[in-house]
Amino acid sequence: MSASKKTRRRPALWTALGFGIGLLLGRTVEIGLVTAAVLSGLALLGAATGFYCKARWTGWMLGMVVVLLGVLRYHIDTALSPLPHLVALEVFGQRGVVTGRIVQEPKHSDERIRFVIDLEQVVADSAIYHLRGRALVTVKDLNLPADYGDRVSLRGKLQRPRAMRNPGGFDYRAFLAQQDIYGTLFVGRPEQVVSVEPLPGPWLHEGVVLPLRRAVRQSIERNLSGAPAGLLLGVLLGEKQRIPEKVRAAFRSTGLAHALVVSGLHVGMVGGFFFFGFRLLRLADRPSSAATIAVLALYALATGAQVPVVRAVLMGAAVLLGRVLRRQGDIYNTLGLAALAILVIWPESPWSLSFQLSFGATWAIVALHGPLASLFPAASQRSNSRVGRWLVSPLCATLAAQLGTGPLIAYSFQQLALGAVVANLVVVPLLAVAVGLGLLAALTGWILPWIATAFNAANYLVLVGLIELVSWWAALPFASVAVPRPGVLFIAVAAALCLLGPLLPHKAWARKAAIFAALVWLNVAVWTYALRARDLEIVFLDVGQGDSAFVRFPDGKTMVVDGGERSAYFDGGEQVLLPFLRHRGVRRVDVVVASHPHNDHIGGLVALLEQMEVGYFLDSGQAYDSWTARRLQELIAERGVRYHRVAAGDSLAGLGGVAGLVLHPTADFVDADGNAPFGPNNGSVVFSLQHGIVRVLFTGDVELETDPAILAWGARLPARLLKVAHHGSRTSSQPVFVAAVAPAVAVMSMGEGNKFKHPAPEVVARYAAHGARVLRTDHTGAVQVWIDGTGMAVQTMLE
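Residues numbered from 1 in each chain as written. Predicted model: local features only at pLDDT ≥ 70, side-chain atom pairs only at ≥ 80, totals over all residues. Heavy atoms only, no water.

**Regarding unusual backbone geometry**
Following H664, the chain continues into P665 via a peptide bond in cis, with omega recorded as 15°. Locating P665 in the fold gives a position in the loop between β18 (659-664) and β19 (686-691). The omega angle of the peptide bond from H758 to P759 is -5°, so this bond is cis rather than trans. You can see P759 is positioned in the loop between β22 (745-748) and α25 (761-769). Here H726, not a glycine, exhibits a phi torsion of approximately 50°, which is positive. Mapped onto the secondary structure, H726 falls in the loop between β21 (721-723) and α24 (735-741). With a phi angle near 55°, S733 is a residue other than glycine that sits in the positive phi range. (Helix = DSSP H or I, 4+ residues; strand = E, 2+ residues; numbered from the N terminus.)

**Regarding the packing of helix α9 (residues 264-280) against helix α10 (residues 285-302)**
Interaxial distance between α9 and α10 falls to 9 Å at its minimum, and their mutual angle equals 145°. Here α9 runs over α10; the crossing is right-handed. Every residue of α10 that contacts α9 at H266, V267, V270, G271, F274, F275, F278 and R279 is listed here: D285, S288, S289, A291, T292, V295, L296 and Y299. Its residues assigned to classes, the contact of α9 with α10 shows nine nonpolar, five polar and two charged. (Axes fitted to C-alpha atoms, helices over the stretch in contact; angles between N-to-C directions. Left-handed = near helix turned anticlockwise from the far one by under 90°. Contact = heavy atoms within 4.5 Å. Nonpolar A, V, L, I, M, F, W, Y, C, P; charged D, E, K, R; others polar.)

**Comments concerning the sheet that holds β21**
In a beta sheet, neighbouring strands are held together by backbone hydrogen bonds and run either parallel or antiparallel to one another. One open sheet holds the seven strands; their spatial order is β17-β18-β19-β20-β21-β22-β23, and the pairing between them is mixed. Edge positions in the sheet fall to β17 (651-652) and β23 (773-776), since each has one partner strand and no second. For β21 and β22, the ladder comprises three bridges, and the chain directions are parallel. Across the sheet, K723 pairs through a bridge with V747, a residue of β22. Against the sheet, α25 contacts β21, β22 and β23, and its axis sits at roughly 165° relative to β22. (Pairing = 2+ DSSP bridges.)

**Overview of the packing of aromatic side chains**
This model, assessed by the stated rule, comprises 16 aromatic pairs. Among the aromatic side chains, those forming a connected cluster through ring pairs are F170, Y172 and F175. Above the face of the W351 ring, R27 is positioned so that its terminal group lies 4.4 Å from the ring centre. Here R485 stacks its cationic end above the ring of Y411, 3.9 Å away from the centre of that ring. (Phe/Tyr/Trp six-rings, centres within 6.5 Å; stacked < 30°, edge-to-face > 60°. Lys NZ or Arg CZ within 6 Å of the ring centre and 35° of its normal.)

**Quick word on the sheet that holds strand β16 (residues 642-645)**
Ordered in space as β16-β15-β14-β13-β12-β11-β24-β25, the eight strands form an open sheet in which the pairing is mixed. Strand pairing shows two members of the sheet lacking a second neighbour, β16 and β25 (792-796), which therefore form its edges. Going across the sheet, the axis of each strand differs from the next one's by a mean of 15°, ignoring polarity. The pairing of strand β13 (residues 558-563) with strand β14 (residues 588-593) spans three bridges and is parallel. Residue V561 lies in a different strand from β14, and its bridge partner there is V593. In the packing of helix α19 (residues 572-583) onto the sheet, the strands contacted are β11 (536-540), β12 (548-552), β13 and β14, and the crossing angle to β13 comes to about 165°.

**A word on the pairing of β13**
Most of β13 sits inside the fold, with six of its six residues counted as buried. Where β12 and β13 come together, five bridges link them in antiparallel fashion. Its bridge partner lying in β13, F550 is registered against V560. Read from β13 through α19 to β14, the crossover connection turns out right-handed. (Buried < 20%, exposed > 50% of the residue type's maximum accessible area, 1.4 Å probe, protein only. Right-handed = clockwise from strand over helix to strand, strands pointing away.)

**Concerning the confidence of the model for the protein**
With 98% of its residues at a pLDDT of 70 or more, the protein has an overall mean of 89. Considering only residues more than four positions removed or in separate chains, one finds that residues 1-8, a stretch of pLDDT under 50, has four contacts. (pLDDT = per-residue confidence, 0-100.)

**Quick notes on the pattern of salt bridges**
One pass over the structure, following the stated rule, counts 34 salt bridges. Of the charged contacts in the structure, one is a salt bridge between R248 and E245, with a shortest N-O distance of 3.6 Å. A residue pair is termed a helical-turn pair when its members lie 3 or 4 positions apart in one helix, as R248 and E245 do in helix α8 (residues 245-253) at three residues. A relative accessible area of 27% places R248 in the partly exposed class. (Salt bridge = Lys/Arg side-chain N within 4 Å of Asp/Glu carboxyl O.)

Next comes the structure, spelled out in C-alpha cells:
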C-alpha cells in the first residue's frame, strides 16, 4: 500500500505530528504572534488555491498550514491577555494583599492546605496591580474556610517558584509553569487572611464534579484510613498527596510508580467495570458503550482532567464510539486524535513528563506488542490460548511499556527497575481488584452504607496486601539500580526504534534503519568519550545553608568535598548531591573530603555513603559526638571505605596529574586525640588543587584564628579560584588573608535569606576590592568551573 494511502487512513496522527512540530517551532524560534498569524493565513490561502486547482502540492501546503497553526496556538497561549501577566510585572517579593479566585479544589495534607488561585489584584505598598496569572497558595496550621470558586485576599509576598539551581536538579519553576502556575504564596499566620468571599464556581464543578469527589471520598473514608485509604483515593481520584511518602517510594523503586498516577490503566479499569456492569444489567452493546463514554467523561473531570487521563478517555471514547456506530477505528489514528486534542487544549503539555510517559507507553504497547508476542511459540499466539491470553499478552504489554518509558525514566530519574516487568504481572491484577471494590463502595456508600462497609473491609485486605507486597519487592537487592543519565541522542534513537517497531518484522528497510540508528548512537557515544576534554572540572553545588563541591579530575577520577546539611526537612545528599552525581553518570566517588564535622557540611554525606560506592574518606580526625558523625563512622566501617586522617603538609596523590596539598589543620588546631581547642570550624581541612598553573583553594569553615598558620604557606597560598571560608562570615576572610590569596573568582556557599545573614557585606566588598568576581550560590545557584591548566571558564546556573 502506498504512503499516500496510509497518510489518508491516519489523518489525525499526521495532523497531530505536524501540530506538535509547530508547537516546538513556536517555543524555540522567535517568530512572533503577528508573523505566525500572517503566515498561517497565507498558507491557508495557498492550500485553498491548490485544492481549487487540484494541484499536486496541496497536501504539502496543508501540512504547512497545520505546522503554522501549531506555532500560532503556542503564541496565543503565551501572549494574548487583556491584563499584564504577573511575570511581566515587578510584584515578586513585594509585601502586600494578594486577591484571586480559587480555581481548584483545595488539597489537604500534613496540616497544610494547597490551592491554586487566578490572580486578580495585588495591593503592594508602592502600587496597586491589576494582573492575570495563577499562583499556588500553601496554608500551614490554619483552618481556612475557603473552597473552590471563592475569592480570597491574603497578606504576604508573591514569590517566583525556584528554578533549577543544580545540574540534574528538579526545576520547580518549569514544573509549575507547565500547569500555568507562575507564582507561589505562603500563609502561616491568621493575620495573613484578610478576607474570604464565598462565591459559586462553574455549575458543572460545583453541582456535579465536587459533590461526586466528596461522595467517593466519604464512602471510602467511612471505614478506611491511613495508607490503604490514601492509596485507594490516589488511584481513584488522583489525590497523590494522600499517599504516604513511604508507599510512594516503594512503588517508585520497583518501577510501579505508574500505578499511582491515574492514567490509561485506571481509565481502562473504570471503563471496563462500568461497561460490563451495564451489560450485566441487560443493557445492549450500543447503549452500554454510549453510557460508558459518559461515565469516562465524568471520570476525567472528577480526576482533574490530567493529561494521561484525557488521553486514555479520548482513546476509550473513540473505541466505544466505534462500537456505537458499528465501525472499527485505527488505533494509531485514535492515538493521534487524542494527542491532537491535548496539544490544542494544552500547548505546553509536550514538555511535561506525564505527557511523554503516557504517550510513550501507549505507543510502545501498540507498536511493540505484536513483534514481542511473535517471539513466543505459535501456540501461545492463538486466540483461544489461555497461556497467551493470561500470561504472554500481559507480559508483552508490560515489557513494551517498559521499553517505551525506560529511556525517559532513566533520563529523568537516573533509575531503572529491573524487576518491574514481573512485578506488574502481580500488582496490576491486585490493583484492578482494589479499584473495582473501591468503585463498588463508592456506588453503594450513599444508598446502602452497610454494603459499602463490606466492600471496604474486603478492600482493606487487598490494599494492605498490595502495600506489603510492593514494600517487600522494593527491599530486594537490585529491585532498582541507579544508571547514568542517557544523552538526548540515545533518547532520540530509542524513540526511532519504538516508532519503527511495527515494521521491523515485515520491512527490510526498517530493520536496516534501526541498525543504522543504533550504530550512529554507538559511534557518537564512543567518540564523544574518547575525545572528551581533559579538564579539571569543579562544581560548587547549591545545597542551601551549607557546603558541597564536586571535582572531576582529568583522568576521570572524582572527589566530593562536603555534602550539605541533613535535617527533618532537607537532605543535601538525597536531594542535591546524589541527583547531580547520577546526572553526571558518576557511579563511584573515589575520594570524599569532610572538611569538619558540622552538620551543614557532612549531613548530606550520609546518603552518599549509603547509596554509592566510595573509595577513600578523608577528614581532620576531629572527635565529635553527633548522630551524623557516628553514622558516617558506621558506614565507613560497614562499606569498606578506606579512611585517612589528614593534616597540614600531607600530599594528595593519584589525581590525574593534579597536585593536591593539605595546608591545614596543624597539630595546634586538631591534636592527636582529635580534640579541637579552637573549635570544629578552625579544625577544618584546608587544601589546594593545582592543575598546570591554576590553583584552587578549599577552606572549609576556618576563621581568623587560623590565619597565621595558613599564611605561613606563603607562595603556595595564592589561588585563582577560592571557596570562601565559613559562607562569607565576618569571622573569616580577614584583609590579610584576602590579599594573600588574591583570587580571581571567590565562591560563597549559603542559603537564600539565611538566618545568619551570610555573607557579611564587608567581606563581599573586601573580595571585590581585590578584583575578585564574587559568586554567591544563593544568587547564582551552582557554580561550574573548567580548568585546562592555563585558564578557567566559569558558568553559573542562574546568572
